[in-house]
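These are the residues of each chain, in order.
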Amino acid sequence: MRLPARRWLAWPAAAVCLIGIGGIAALDLSRTNRPVAAFALAMAITALAGAATTLLVTRLIAAQRAALRDGLTGLPNRALLDDRVSQALARSRRTGEPFALLIVDLDGFKGVNDIRGHETGNEVLRTIARRLESVIRETDTVARVGGDEFVVLSLGTDSDDEAAALAGRLRQALRRPYRVGGALVELDASVGWALFPHDGLTPADLLARADGQMYATKRDTSEESVIARPPLDGGVVRDLEHALEQGEIVVHYQPIVELPSSVVRSVEALVRQVRGDNLVGPAEFVPHVERTPLVRTLTLAVARDALRRLHEWEARGHMLDAAINVPYRMIDDGELIAGLEDLLEKAEIAPERLTLEVVPSGPGAGSELDATVIRHLKELGVRLSLDDLGRASSVAAIRMLPLHQVKIDSMFLHEAGRGGPADAIVRSLVGLAHGLGLETVAEGIESKLALEAAISLGCDYAQGFYLGHPMPADRLSDWLAGTWPVVAVGT
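Residues numbered from 1 in each chain as written. Predicted model: local features only at pLDDT ≥ 70, side-chain atom pairs only at ≥ 80, totals over all residues. Heavy atoms only, no water.

Novice: Can you break down the overall build of the protein chain residue by residue, with the values?
Specialist: Regarding its fold elements, the protein chain presents 18 helices and 16 strands. Put simply, of all contacts in the protein chain between residues at least 6 apart along the chain, 67% involve residues at least 24 apart. Just so you have it, the protein chain exposes about 23,500 Å², and 55% of that area is on carbon and sulfur atoms. (Helix = DSSP H or I, 4+ residues; strand = E, 2+ residues; numbered from the N terminus. Contact = heavy atoms within 4.5 Å. Areas by Shrake-Rupley, 256 points an atom, 1.4 Å probe, with all protein chains shown as cover.)

Novice: Hey, could you go over a negative patch on the surface for me, with residue numbers and the actual values?
Specialist: Side chains of Asp158, Asp160, Asp161 and Glu162 sit close together on the surface and give a patch of like negative charge. Relative to the assigned elements, Asp160 resides in helix 6 (residues 160–175). (Patch = residues over 30% accessible without salt bridge, like charges linked within 9 Å, V, L, I, M, F, W, Y side chains within 5 Å. Salt bridge = Lys/Arg side-chain N within 4 Å of Asp/Glu carboxyl O. Lys, Arg positive; Asp, Glu negative; His and termini not counted. Charge placed at Lys NZ, Arg CZ, Asp CG, Glu CD.)

Novice: Run through the nonpolar core, naming residues and quoting values.
Specialist: Formed by 84 residues in total, the largest nonpolar core has its most connected members in Tyr253, Ile324, Ile331, Leu340, Leu356 and Ile445. Ranked by residues supplied to this core, first place goes to helix 11 (residues 294–315) with 10 residues. Every residue in contact with Ile324, bar those within four places of it in the chain, is listed here: Ala269, Thr299, Val302, Ala303, Ala306, Leu340, Leu354, Thr355, Leu356 and Glu357. (Core = buried A, V, L, I, M, F, W, Y, C linked by side-chain atoms within 4.5 Å. Buried < 20%, exposed > 50% of the residue type's maximum accessible area, 1.4 Å probe, protein only.)

Novice: Can you explain the pairing of strand 12 (residues 383–389)? Please cite residues and give values.
Specialist: With 7 of its 7 residues buried, strand 12 lies for the most part within the structure. Of the pairings in the sheet, the one linking strand 11 (residues 354–359) to strand 12 comprises 4 bridges and is parallel in character. Counterpart to Leu356 in the pairing with strand 12 is Leu384. (Pairing = 2+ DSSP bridges.)

Novice: So what's going on with the packing of helix 4 (residues 109–116) against helix 9 (residues 234–245)? Which residues, and what values?
Specialist: Where helix 4 contacts helix 9, the axes come no closer than 9 Å and their chain directions differ by 70 degrees. For the element pair helix 4 / helix 9, the angle class is roughly perpendicular. In this structure, helix 4 contributes Asp114, Ile115 and Arg116 to the contact, and helix 9 contributes Gly234, Val237, Arg238 and Glu241. Taken together, the residues of the contact of helix 4 with helix 9 break down into 2 nonpolar, 1 polar and 4 charged. (Axes fitted to C-alpha atoms, helices over the stretch in contact; angles between N-to-C directions. Parallel < 35°, antiparallel > 145°, perpendicular 65-115°, else oblique. Nonpolar A, V, L, I, M, F, W, Y, C, P; charged D, E, K, R; others polar.)

Novice: Give me helix 18 (residues 473–481): which residues, what numbers.
Specialist: Burial in helix 18 covers these residues: Ala473, Leu476, Ser477, Trp479 and Leu480. Considered in projection along helix 18, the buried side chains sweep an arc of 165 degrees and stay on one side of the axis. Exposed and facing more than 90 degrees away from the buried side of helix 18 are Asp474 and Ala481. (Arc of directions from axis to C-beta.)

Novice: If you had to explain the sheet that holds strand 2 (residues 141–144) to someone new, which residues and values would you point to?
Specialist: With antiparallel pairing, 4 strands are arranged side by side in an open sheet as 2-3-1-6. Among the strands making up the open sheet, the edge pair consists of strand 2 and strand 6 (188–196). The mean angle between the axes of side-by-side strands here comes to 20 degrees, regardless of whether they run parallel or antiparallel. Pairing analysis gives 4 bridges linking strand 2 to strand 3 (residues 149–155), with the strands arranged antiparallel. Bridged to Val142 within strand 3 is Val152.

Novice: Quick rundown of helix 5 (residues 118–135)? Include the residues and the values.
Specialist: End to end, helix 5 covers 26 Å across 18 residues, agreeing with the expected 26 Å (1.5 Å per residue, within 8%). Here helix 5 has its buried residues at Thr120, Gly121, Val124, Leu125, Thr127, Ile128, Ala129, Arg131 and Leu132. (Expected span 1.5 Å × (residues − 1).)

Novice: So what's going on with the pattern of salt bridges? Residues and values would help.
Specialist: Summed over all chains, the structure comprises 26 salt bridges. Here Arg296 and Glu186 are joined by a salt bridge, their closest N and O atoms 2.8 Å apart. Here Glu186 lies in the loop between strand 5 (183–185) and strand 6 and Arg296 lies in helix 11, a separation of 110 residues in the sequence. What makes Arg296 buried here is its relative accessible area of 9%. Across the salt bridge formed by Arg308 and Asp305, the nearest N and O atoms sit 3.1 Å from each other. Placement of both Arg308 and Asp305 in helix 11 is noted, with a separation of 3 residues, approximately one turn of the helix. Connected through shared salt-bridge partners, Arg171, Arg175, Asp188 and Asp332 make up one network.

Novice: So, the packing of helix 9 against helix 11: which residues are in play, and what are the values?
Specialist: Closest axis-to-axis distance for the helix 9/helix 11 pair is 11 Å, and the angle between their directions is 35 degrees. Helix-helix and strand crossings are classified by hand; for helix 9 and helix 11 the assignment is left-handed. On the side of helix 9, the interface is formed by Val237, Leu240, Glu241 and Leu244, while helix 11 contributes Leu294, Thr297, Leu298 and Ala301. Tallied by class, residues from the contact of helix 9 with helix 11 come to 6 nonpolar, 1 polar and 1 charged. (Left-handed = near helix turned anticlockwise from the far one by under 90°.)

In structure tokens:
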């Protein structure tokens with residue numbers, strides 16, 4: 001960026017004028033036999049001109065620096081990043097030194113502005129800049145290139161393993177909670193990278209490769225999810241926050257039966273919000289809440305209720321396990337895992353009786369996880385189930401989690417049993433899961449035909465309205481006391 005010509009020419013022009021005027025005045029004084037005064041005047045004018053020139057240079061340097069820095073965070077902007085990438089490219093071609101470009105895109109930042117306001121958002125961005133700088137080396141560069149997008153130039157990084165490790169450190173730094181003006185803000189990030197020369201030979205090629213990799217982990221690629229996922233609604237989040245404070249949250253439980261015996265072995269906990277005389281299902285608020293810190297509070301509230309109910313059902317002769325839903329981006333959240341550990345200890349429930357049903361949709365599905373937290377989760381002993389097997393996001397996530405179980409997406413079971421492609425797909429998914437040593441649950445069993453298909457195709461468990469609707473805990477106790485086929489509520 002350059003200053004307008006009139007503006008930056010003004011100071012040297014003024015200096016030249018001062019020297020010229022001073023020279024004329026000094027010459028005039030010398031002609032009138034006042035040499036001392038002439039010399040003093042000439043020196044004063046020269047000093048003034050020098051000060052003006054120094055001020056000019058200082059302002060030009062400041063203007064140049066401002067033109068190469070992001071005004072909010074002070075990080076290098078795209079122009080300075082482009083210059084440093086060009087230098088790295090030229091050096092690499094001379095010396096063979098590799099480098100990596102990493103794109104860091106914040107997940108959920110729009111919600112910070114919508115719920116907490118732009119001033120809070122700006123303060124969070126400034127904190128993010130400091131955290132990113134604390135992770136990289138002095139020789140590296142982190143630049144802000146968009147509202148919630150950053151790019152890291154990492155010199156000497158020459159392998160995907162090194163880039164992945166750096167990406168993990170960056171995500172870990174960004175995921176620590178932000179406390180701004182009494183508000184708690186939590187974010188995640190999607191990170192993609194590209195290596196020179198392996199992934200591209202020009203800055204444009206490298207950035208395109210990194211950007212593509214970043215978006216591959218950011219989005220849930222299922223069409224249904226893309227269509228149904230609404231923009232974050234701050235009003236819905238605040239409403240649920242109030243509901244949690246007022247105890248206006250209830251949990252219903254849906255049976256999961258073993259096949260082919262049809263014995264109920266576990267239940268899935270499904271949250272509802274009380275609004276007057278009505279109950280609001282999770283589809284209306286979870287897509288908004290799961291992008292905020294409130295999702296941790298909600299998840300722990302559901303887990304607390306489920307563990308309490310396991311004791312009640314056991315006292316009535318029903319030894320059951322329970323599953324609670326956890327968004328993918330929360331499965332390596334240290335505070336959530338610590339909260340679950342505390343609840344299990346207080347409830348005196350064996351950890352393996354609690355299953356965390358991971359929902360692999362939305363930002364970050366399939367992306368790298370914090371290995372330390374995942375190791376702690378395994379040591380805790382709870383079981384992990386992956387929901388919606390068969391969708392693109394679940395296939396991406398399956399390699400990242402120490403799973404015990406998968407749930408085959410209901411859209412395949414709805415068509416199963418008719419001899420069409422759905423049967424082949426379900427059979428293949430069951431084979432994949434069993435090949436990995438995992439149990440399978442057929443979701444969305446809504447007819448006798450679907451149940452028979454799930455059995456014939458090799459599913460281990462089944463769940464759906466044909467077997468039992470979600471119901472309050474007390475009603476479930478009475479329902480369990482009945483005799484099969486009371487669960488077959490339709491034919």
